[in-house]
Every structure is written in C-alpha cells, then in structure tokens.
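Letter by letter, the chains look like this.
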Amino acid sequence: MKKENIIVDKSKVFALRIIKLYKYLTIEKKEYVLSKQVLKSGTSIGANIKEAVRGQSKADFYSKMNIALKECSETEYWLELLKESDYINEDAFESIYSDCKEILKILIAITKAQKSEQD
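Residues numbered from 1 in each chain as written. Predicted model: local features only at pLDDT ≥ 70, side-chain atom pairs only at ≥ 80, totals over all residues. Heavy atoms only, no water.

**Student:** Kindly report on the side chain of Thr-75, identifying the contributing residues and their values.
**Tutor:** Relative to the helices and strands, Thr-75 is located in helix 3 (residues 58–84). Within the structure, Thr-75 has its side chain in polar contact with the backbone oxygen of Glu-71 (distance 2.8 Å). (Helix = DSSP H or I, 4+ residues; strand = E, 2+ residues; numbered from the N terminus. Polar contact = N/O pair within 3.5 Å; in protein donor to acceptor, adjacent residues only side chain to side chain.)

**Student:** Break down the nonpolar core for me, with residues and values.
**Tutor:** Phe-14, Leu-21, Ile-45, Ile-49, Leu-79 and Leu-107 are the most contacted members of the largest nonpolar core, which has 28 residues in total. No other element matches the eight residues that helix 3 contributes to this core. The contact partners of Ile-49, leaving out residues within four places of it in the chain, are Ile-7, Val-8, Ser-11, Met-65, Ala-68 and Leu-107. (Core = buried A, V, L, I, M, F, W, Y, C linked by side-chain atoms within 4.5 Å. Buried < 20%, exposed > 50% of the residue type's maximum accessible area, 1.4 Å probe, protein only. Contact = heavy atoms within 4.5 Å.)

**Student:** I'd love a proper account of the environment of Gly-42, names of residues and values included.
**Tutor:** Position of Gly-42 among the secondary structure elements: in helix 2 (residues 33–53). According to the relative accessible area criterion, Gly-42 is buried, its value standing at 0%. Sequence spacing of Gly-42 and Thr-75 is 33 residues, and the spatial spacing of their C-alpha atoms is 5.5 Å. The contacts of Gly-42, once residues within four sequence positions are left out, are Phe-14, Ala-15, Ile-18 and Thr-75.

**Student:** Give a detailed account of helix 2, specifying residues and quantitative values.
**Tutor:** Spanning 21 residues, helix 2 covers 31 Å between terminal C-alpha atoms, matching the ideal 30 Å at 1.5 Å per step. If you look at helix 2, its biggest bend is around 30 degrees, right at Ser-44. All of the buried residues along helix 2 are Leu-34, Ser-35, Val-38, Leu-39, Ser-41, Gly-42, Ser-44, Ile-45, Gly-46, Asn-48, Ile-49 and Ala-52. (Expected span 1.5 Å × (residues − 1). Bend = angle between axes of the 7 residues up to and from the residue.)

**Student:** So what's going on with the pattern of salt bridges? Which residues, and what values?
**Tutor:** Following the criterion strictly, the structure yields five salt bridges and no others. Notably, a salt bridge pairs Lys-10 with Glu-102, separated by 2.9 Å at the nearest N-O pair. Pair noted here: Lys-10 is in helix 1 (residues 6–27) and Glu-102 is in helix 4 (residues 90–118), with a separation of 92 residues, a long-range link. Residue Arg-17 pairs with Asp-99 through a salt bridge whose shortest N-O separation is 2.4 Å. Highlighted residues: Arg-17 in helix 1 and Asp-99 in helix 4, separated in sequence by 82 residues. (Salt bridge = Lys/Arg side-chain N within 4 Å of Asp/Glu carboxyl O.)

Right under this line is the structure:
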C-alpha cells in the first residue's frame, strides 16, 4: 500500500495541470516562449520534491526542497506574466495560481522546519 505524501501528490497534480496549460498555450495561442518557461519550472517542482524524498541525507533533503521552493516561485512569476499578457484569462489564472500558492506555502513550512532543525 502506497504511503500518502501530500506535497508529492499535490506537486504531481500541479505538474499535470502545467502540462495541460503548456499544450493549450502552444496549440491554441501559438505561444512558445513563456509556455516553455512555465513548463520547465512548473514540472521541476515535483521532480525536486521527489528527489528530496529519496535524499541521501537531511542536508540533501533540505537542498532539494529549497530548489523546489525556488522553482515554485519562478512558476508564480511565469503564471503572472501569462495572465497579464492576456494569454490566460482570470478564471484559468486564479485556478492554477491558487494551486501554486498552496504548494509554495507547504514548501515554505517544510524548509523553515528543516532550517530550524539544522540551526
């Protein structure tokens, strides 16, 4: 039986949403630059979290979670640009942006807890 891990699960679902957004942007909007950026950073979040979970040490875990946090912040930025440049509408933006913010809050909590353990 698979053990549930909220951040792993949420980041994977988010990555799948980012992939769908990328497909929409490239097929429907013919947008290739911003869409590639959001695809890279948005899918990197979950990849780094998955690596962190399998980390070799607490320091490795902390490092990978920090990278995931940075990628999440970058994804926020690309989503904001997509909205403000009218590639995605307000409803689509709010839906995916709220997921990004939720993951960001979890990652902040994890990295703060890890940092306090290391201090």
